[in-house]
Amino acid sequence: MRLDRLEIAGFLHFAAPAVLDLRDLPNGLIALVGPNGHGKSRLLDAGLGALYGPGAATGAFPSRAGTLAEYATARDAYIDVLWRLDGEGTFRTRVDVDGERRTTEALLERVSS
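Residues numbered from 1 in each chain as written. Predicted model: local features only at pLDDT ≥ 70, side-chain atom pairs only at ≥ 80, totals over all residues. Heavy atoms only, no water.

1. Overview of the side chain of Asp-98
Moving on, step 1. Structurally, the position occupied by Asp-98 is in strand E4 (residues 89-98).
Moving on, step 2. Take Asp-98: its relative accessible area is 10%, and that puts it in the buried class.
Moving on, step 3. Look past the residues within four positions of Asp-98 in its chain and what remains in contact with it is Ala-74, Arg-75 and Thr-103. (Helix = DSSP H or I, 4+ residues; strand = E, 2+ residues; numbered from the N terminus. Buried < 20%, exposed > 50% of the residue type's maximum accessible area, 1.4 Å probe, protein only. Contact = heavy atoms within 4.5 Å.)

2. Focus on the nonpolar core
Moving on, step 1. In terms of nonpolar packing, the biggest core is built from 23 residues, with Leu-6, Ile-8, Phe-11, Leu-68, Ile-79 and Val-97 touching the most fellow members.
Moving on, step 2. Going through the elements one at a time, strand E1 (2-9), strand E2 (18-21), helix H1 (40-52), helix H2 (68-71), strand E3 (77-85) and E4 are the ones with two or more residues in this core.
Moving on, step 3. Top element by residues in this core is E3. It accounts for four residues. (Core = buried A, V, L, I, M, F, W, Y, C linked by side-chain atoms within 4.5 Å.)

3. Brief notes about the sheet that holds E1
Moving on, step 1. Reading across from one edge, E2-E1-E3-E4-E5 is the order of the five strands in this open sheet, with antiparallel pairing throughout. Two strands lie at the open edges of the sheet, namely E2 and strand E5 (103-112), each paired on one side alone. For this sheet, the mean angle separating the axes of adjacent strands, direction not counted, is 10°.
Moving on, step 2. Relative to E2, E1 runs antiparallel, the two being bridged by four bridges. Bridged to Ile-8 within E2 is Ala-18. (Pairing = 2+ DSSP bridges. Axes fitted to C-alpha atoms, helices over the stretch in contact; angles between N-to-C directions.)

Rendered as structure tokens:
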């Protein structure tokens, strides 16, 4: 499984939408760098959070305890991810989180074969 694209908004350091598009990166070592506490781990955790976090009572983000709703800072927070599964196609996971009501809605769909 390969992470192709990730978009996150409304979670801690990501008030405005942040997009990580990996589809056109060359093969090899890629580094994500920045100061401590500015969201590098959260950005990478978001893909797994979209897959496994919506129904999790705890551990929505692998690097921190707690649910996705606990980290949402906006009523319209979301994580939207494209995954490519070799031989199976491309899948999209999207989790919408209402940070005020502490509720989540999730979607998993196949977008191409």
